[in-house]
Amino acid sequence: MSVLSIGEYEGTVMDNVERFHGNQLVYINWEKHLFFCAPHAFPLPPDMPFAAFVGELLPATYSAHPDWEKIDWSSVEWLLDGEAFTPDMDASLKDNGVGHKSCLRFTTPGLTGIGGSGS
Amino acid sequence: MMVDNVFLALQSVDEARYIVEAIEDDNPEAKIEYQPAMMRITAPGRLTIKRSTVSEKMGRDWDPQELQLVLVTFGGNVDETDDEFTLYWGEYSKQD
Amino acid sequence: MSKRLNLKERYKHMTRLGWETTYQSMDDVFPYDTYEGIKVKDWDAWEDPFRMTMDSYWKYQGEKEKKLYAIIDAFAQNNGHTNLSDGRYLNALKLFLQGVTPLEYQAHRGFAHNGRHMRGEGARVACQMQSLDELRHAQTQIHTISHYNKHFNGFHEFPHWHDRVWYLSVPKSFFDDARTAGPFEFMIAVGFSFEYVLTNLLFVPFMSGAAFNGDLSTVTFGFSAQSDEARHMTLGLEAMKFMLEQHEDNVPIVQRWIDKWTWRGYKVLSLIAAMQDYMLPESPMSWKEAWEVYFEENGGALFNDLARYGIRPPKYLEVCAAEKDHLSHQVWGVLYNYAAPAAMHTWIPDDRKLDWLSEKYPDTFDKYYRPRFLHWREMEKQGKRFYNGSLPMLCQLCQIPMAFTEMDDFTQTCFRTSEYKDDKYHFCSDGCKDIFDYEPEKYVQAWLPVHQIYQGNCGGPTLDDVLKWYQFNVGSDNFDYVGSEDEARWNDLQGKGEKPADKSAA
């Protein structure tokens, strides 16, 4: 369905990738850790190595949580835009298929948040 | 079929207390709850405020439009005439 | 024949002042009231059940103003702000002034537009009265709360904040959406869904909350505004019934608007839910209780009554029903996480409040939320009060951070996505996704605060840059209540603690 209007109606897309000065938006969520109230949004260079994303950006974001130090990275399960996904740590975000406004989610098996509450 | 309640909330002020007294007289099924700063009145299906009863309680002529000054909120369809203010569910019908 | 006209006759003579235009066609004079597809056979069938005419309108509004200003003056003269239950209460007022008062002004503009552009004179007169009411509400609220601005932080730049700050884009975008719709949709959006179905959930938390927490001034402007609200509710209900009675083709259009705007309003009210359960030191009732009385019971009766027109209750009520045990806690989590870029304070509730929450939410609070709050309290004790330093992902539609969970697993964040013209759009709920999918062209235009910061449109890349652009007094308006200037001032007023710095020097 399109917008009912009194004339031609075309909306201006406010968040197309061209507006982010060479970066793309990437969303990230640590599943079942609602200590962080919502997923995060970042403007990132598409050629950022996945290893830098995991090794630099994620600690700065999540290390306040007591579960952070306990993560066994070999058992972490990833979703990229809703599909199961195994990242290539040496490849870039782009080459891993992470595009503008992609959503990455990671589950850390065995870690159930503060007091097992999913926090 | 169960009849849904209509409801009315009035500010806890002097004028409204006379209106509540009139409601109690004219609507035997009405229930009054006293809440912070307001009074909440519920009644099954229908509730009527009569000019004549309120005027008698207040000792002066009271116009149903004055309800505007003390009304907080309500639930139901509204009908207002010179003589009464009515809340109701379903089709409107004039009652005595 | 009586000399004096009765109310019905007076109403007829004093509102039916229009005419069929001849120099210009009616369609040219009223260009906006047909394109939405609402069919109207007889505008004269419109009737205001209160039968309010302009002369009585001025009379009763004048009386309301006299009463209100007598109390506002007395409140200021007697330093009424010292009688509050606790300084934390002020944050409910900040949220009101920043988030709700500007909506009154938006409603004024919207009803003024409708008061010009609806073809029927009865509808136009009713919209004009409501437009004036809404302007009065904005003015009296600003005037009343200005007293608090003399003594506390977080009030001074509220219109500027409303246009810029992330949590205020939630109510702002609601009204932007409504005001850019056609006149009939606006009536359902604001007149019916907001004023009739949801208004009590706004009113009860703020006004009963004010009465419970010693805020005489807010009780007074609240009741003064609320007495107009009863007329607004009637207008909203009347407008909807008018559309339904005019033509059966109108029924599915109205139903879709009811679905859309009840959900939009519900999401805006999630901020009020958090305020009600957490910001009020003394709570007359919980969010869940208010939802049950005012939405489930009263709203249920309304939708039973509307069934005869072929209208069913709004979609996704089962989500609201499941979510009522979680909503306020999840949103308080958001406000606690992001207290740095907020022009109000948040805090961890004390033990008495935590116990009250456990009592009101026995199935969920201790299981899901108390552990989180106790952990944050522990961090604070160690001098590491948790401030989330990375910006959140927002819902494209309601613009709230994506903090809501699946209804079958309350630890699982809810993700919904749509693709439109090669771009992805993310939503917090099926309700928000549905609204986008129906009119994507409209919602691709959303001004999402987080994305705007990243595009470089909000003063600069750092938090300090953005807060400067927001015009915050950093360290005064934001962060935790504990250790704030507001707390120090409140303690001083109560005769405890250190004497705080003069506010004018802050």
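If you're wondering where the values come from, they're calculated on a predicted model, not measured in any experiment.

Before going further, it helps to spend a moment on the overall build of chain C. Counting its regular elements, chain C contains 20 helices and 4 strands. Against the 2.2 N^0.38 benchmark of 23 Å for 506 residues, chain C shows a C-alpha radius of gyration of 24 Å, consistent with a compact globule. Along the three orthogonal principal directions, the C-alpha set of chain C runs to about 80 × 60 × 45 Å. For chain C, buried positions account for 65% of its 506 residues. Surface accessibility of chain C: about 18,300 Å² in total, with carbon and sulfur atoms responsible for 52%. Computed over 55 positive and 72 negative side-chain charges, the inter-centroid distance for chain C is 3 Å.

Below, the discussion takes up the interface of chain B and chain C. Contacts between the two partners involve 30 residues from chain B, matched on the other side by 39 residues from chain C. Ranking the residues of chain B by area buried against chain C places Gln65, Gln68 and Leu69 of chain B at the top, with a combined share of 22%. For the pair chain B and chain C, the number of links is 2 salt bridges. Residue glutamate 91 of chain B is joined to arginine 308 of chain C by a salt bridge in which the shortest nitrogen-to-oxygen separation is 3.0 Å. Applying the counting criterion to the chain B and chain C interface returns 18 residue pairs in polar contact (both at pLDDT 80 or more).

Quick look at the sheet that holds strand β5 (residues 71-75) of chain B now. Sheet strands line up and pair through hydrogen bonds in the backbone, either parallel or antiparallel. Residue and element names in this part refer to chain B. If you trace the 4 strands from one edge of the open sheet to the other, you get β2-β3-β1-β5, paired in antiparallel fashion. The sheet is open, and its two borders are formed by β2 (31-35) and β5, each paired with just one other strand. Put simply, the sheet's adjacent strands are angled 15° from each other on average, direction ignored. Examined bridge by bridge, strand β1 (residues 5-11) and β5 share 4 bridges and lie antiparallel to one another. Of the residues in β5, the one forming a bridge with alanine 9 is threonine 73.

Before going further, it helps to spend a moment on the pattern of salt bridges. Residue and element names in this part refer to chain C. Summed over the entire model, instances satisfying the criterion amount to 49 salt bridges over all chains. For glutamate 289, the salt bridge identified is with lysine 360, shortest N-O distance 2.8 Å. Remark: lysine 360 occurs in helix α14 (residues 351-360) and glutamate 289 occurs in helix α11 (residues 287-306); sequence separation between them is 71 residues. Judged by relative accessible area, which is 26%, glutamate 289 ranks as partly exposed.

The subject of this paragraph is helix α1 (residues 14-26) of chain B. Relative to the 18 Å expected for 13 residues at 1.5 Å per residue, α1 of chain B spans 19 Å between its end C-alpha atoms, a close match to the ideal helical length. On its buried face, α1 of chain B sits against β1, β2, β3 (38-44), β4 (46-50) and α2 (51-58) of chain B.

Moving on, we get to the pairing of strand β3 (residues 416-420) of chain C. Residue and element names in this part refer to chain C. Only one face of β3 is buried, namely the one carrying Arg416, Ser418 and Tyr420, since none of Thr417 and Glu419 on the opposite face is buried. Bridge count between β3 and strand β4 (residues 423-427): 5 bridges; the pairing is antiparallel. Bridging from a neighbouring strand, glutamate 419 pairs with lysine 424 of β4. Connecting the antiparallel pair β3 and β4 is a turn made up of 2 residues, with lysine 421 showing a positive phi of about 45°.

Each partner contributes to the interface: chain A provides 45 residues, whereas chain C provides 50 residues. With both chains or domains summed, chain A and chain C bury close to 4,200 Å², and 58% of this area falls on carbon and sulfur atoms. Summed over the shared surface of chain A and chain C, the number is 2 salt bridges. Note that lysine 32 of chain A and aspartate 409 of chain C form a salt bridge whose closest N and O atoms lie 2.4 Å from each other.

So, on to the packing of α14 of chain C against helix α15 (residues 365-381) of chain C. All names here are of chain C. Interaxial distance between α14 and α15 falls to 10 Å at its minimum, and their mutual angle equals 165°. The angle between α14 and α15 places the two elements in the roughly antiparallel class. Relative to α15, the crossing made by α14 is right-handed. On α15, the residues touching Asp351, Leu354, Asp355, Leu357 and Ser358 of α14 are Phe365, Asp366, Arg370, Phe373, Leu374 and Arg377. When its residues are assigned to classes, the contact of α14 with α15 shows 5 nonpolar, 1 polar and 5 charged.

The rules behind the values
Residues numbered from 1 in each chain as written. Chains lettered and ligands numbered in written order. Predicted model: local features only at pLDDT ≥ 70, side-chain atom pairs only at ≥ 80, totals over all residues. Heavy atoms only, no water. Helix = DSSP H or I, 4+ residues; strand = E, 2+ residues; numbered from the N terminus. Rg over C-alpha atoms; globule rule 2.2 N^0.38 Å. Buried < 20%, exposed > 50% of the residue type's maximum accessible area, 1.4 Å probe, protein only. Areas by Shrake-Rupley, 256 points an atom, 1.4 Å probe, with all protein chains shown as cover. Lys, Arg positive; Asp, Glu negative; His and termini not counted. Charge placed at Lys NZ, Arg CZ, Asp CG, Glu CD. Contact = heavy atoms within 4.5 Å. Buried area = accessible area lost by both parts, 1.4 Å probe. Salt bridge = Lys/Arg side-chain N within 4 Å of Asp/Glu carboxyl O. Polar contact = N/O pair within 3.5 Å; in protein donor to acceptor, adjacent residues only side chain to side chain. Pairing = 2+ DSSP bridges. Axes fitted to C-alpha atoms, helices over the stretch in contact; angles between N-to-C directions. Expected span 1.5 Å × (residues − 1). Parallel < 35°, antiparallel > 145°, perpendicular 65-115°, else oblique. Left-handed = near helix turned anticlockwise from the far one by under 90°. Nonpolar A, V, L, I, M, F, W, Y, C, P; charged D, E, K, R; others polar.

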